[in-house]
Amino acid sequence: ISSNQESYSLGESVIFTGSVNKYDEDRSLRITIFDSSKNLISTKKTPVDTYGKFSYTVELNEKFSDGKFIVKSQYGNSKSTVNTSSFLIVSGTPSTIESSNEIPVIADHFSSPN
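Residues numbered from 1 in each chain as written. Predicted model: local features only at pLDDT ≥ 70, side-chain atom pairs only at ≥ 80, totals over all residues. Heavy atoms only, no water.

So, the overall build of the protein chain
(1) Moving on: Of the regular secondary structure elements, the protein chain holds one helix and eight strands.
(2) Moving on: A total of 114 residues make up the protein chain; the buried ones form 27% of that total.
(3) Moving on: Counting only carbon and sulfur atoms, one obtains 49% of the accessible surface of the protein chain, whose full area is about 8200 Å². (Helix = DSSP H or I, 4+ residues; strand = E, 2+ residues; numbered from the N terminus. Buried < 20%, exposed > 50% of the residue type's maximum accessible area, 1.4 Å probe, protein only. Areas by Shrake-Rupley, 256 points an atom, 1.4 Å probe, with all protein chains shown as cover.)

So, in structure tokens, the structure goes:
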């Protein structure tokens, strides 16, 4: 399983894609997302096509916050995890981060004339 980017901002969508080793119509793929404290954020059964491929989109809504998230995909009823991946959520875009380094200039309008 892999995501289409390494980092995201809130409000964006993460698209996970991947494939299973051996397609079985009786098995289901479950994709589970945990935060860095191992709290469950979401879990969803995802269809797998006859070629063993899957795609799953997650909207980064209010359930998410800044930080690292672990994604586990499990195919079938076994307890073994098929694959583990991760992605980051970061606040703002690089342009807003750069502009926040500017020091505001405050004009001295309150000085009294001598």
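Things to note about the packing of aromatic side chains
(1) Moving on: This structure, assessed with the given rule, holds six aromatic pairs.
(2) Moving on: Relative to Phe87, the ring of Phe64 has its centre 6.5 Å away and its plane inclined at 50 degrees; by these criteria the two rings are tilted. With a gap of 23 residues between them, Phe64 in the loop between β6 (53-59) and β7 (67-75) and Phe87 in strand β8 (residues 83-89) connect regions that are remote in the sequence. Phe87 matches Phe64 in its accessibility class, with the two residues each being buried. (Phe/Tyr/Trp six-rings, centres within 6.5 Å; stacked < 30°, edge-to-face > 60°.)

Considerations on the confidence of the model for the protein chain
(1) Moving on: Mean pLDDT over the protein chain stands at 82; residues scoring 70 or higher make up 76%.
(2) Moving on: Low pLDDT, under 50, characterises residues 94-104; the stretch is placed with one contact to residues that sit more than four places away or in other chains. (pLDDT = per-residue confidence, 0-100. Contact = heavy atoms within 4.5 Å.)

What about the sheet that holds strand β1 (residues 2-3)?
(1) Moving on: Spatial strand order, β1-β3-β6: three strands in an open sheet with antiparallel pairing. For this open sheet the edge positions go to β1 and β6, each flanked by a neighbour on one side alone.
(2) Moving on: Summarising the sheet, β1 and strand β3 (residues 13-19) pair through two bridges and their orientation is antiparallel. Looking at the pairing, Ser3 lines up with Phe16 of β3. (Pairing = 2+ DSSP bridges.)

Digging into the side chain of Ser3
(1) Moving on: Examined against the element boundaries, Ser3 turns out to sit in strand β1.
(2) Moving on: Polar contacts involving the side chain of Ser3 include one to the main-chain carbonyl oxygen of Gln5, which spans 2.7 Å.
(3) Moving on: Once residues lying within four places of it in the same chain are set aside, the contact partners of Ser3 are Tyr8, Val14, Ile15, Phe16, Ser86 and Phe87. (Polar contact = N/O pair within 3.5 Å; in protein donor to acceptor, adjacent residues only side chain to side chain.)

Topic: the environment of Glu59
(1) Moving on: Along the chain, the position of Glu59 falls in strand β6.
(2) Moving on: Residue classification places Glu59 among the partly exposed positions, given a relative accessible area of 47%.
(3) Moving on: With 44 residues separating them in the primary sequence, Glu59 and Ile15 have C-alpha atoms 8.9 Å apart.
(4) Moving on: Apart from the residues lying within four places of it in its own chain, the contact partners of Glu59 are Gly11, Glu12, Ser13 and Phe64.
(5) Moving on: Among the polar contacts listed, one links the side chain of Glu59 to the side chain of Ser13, at a separation of 3.4 Å.

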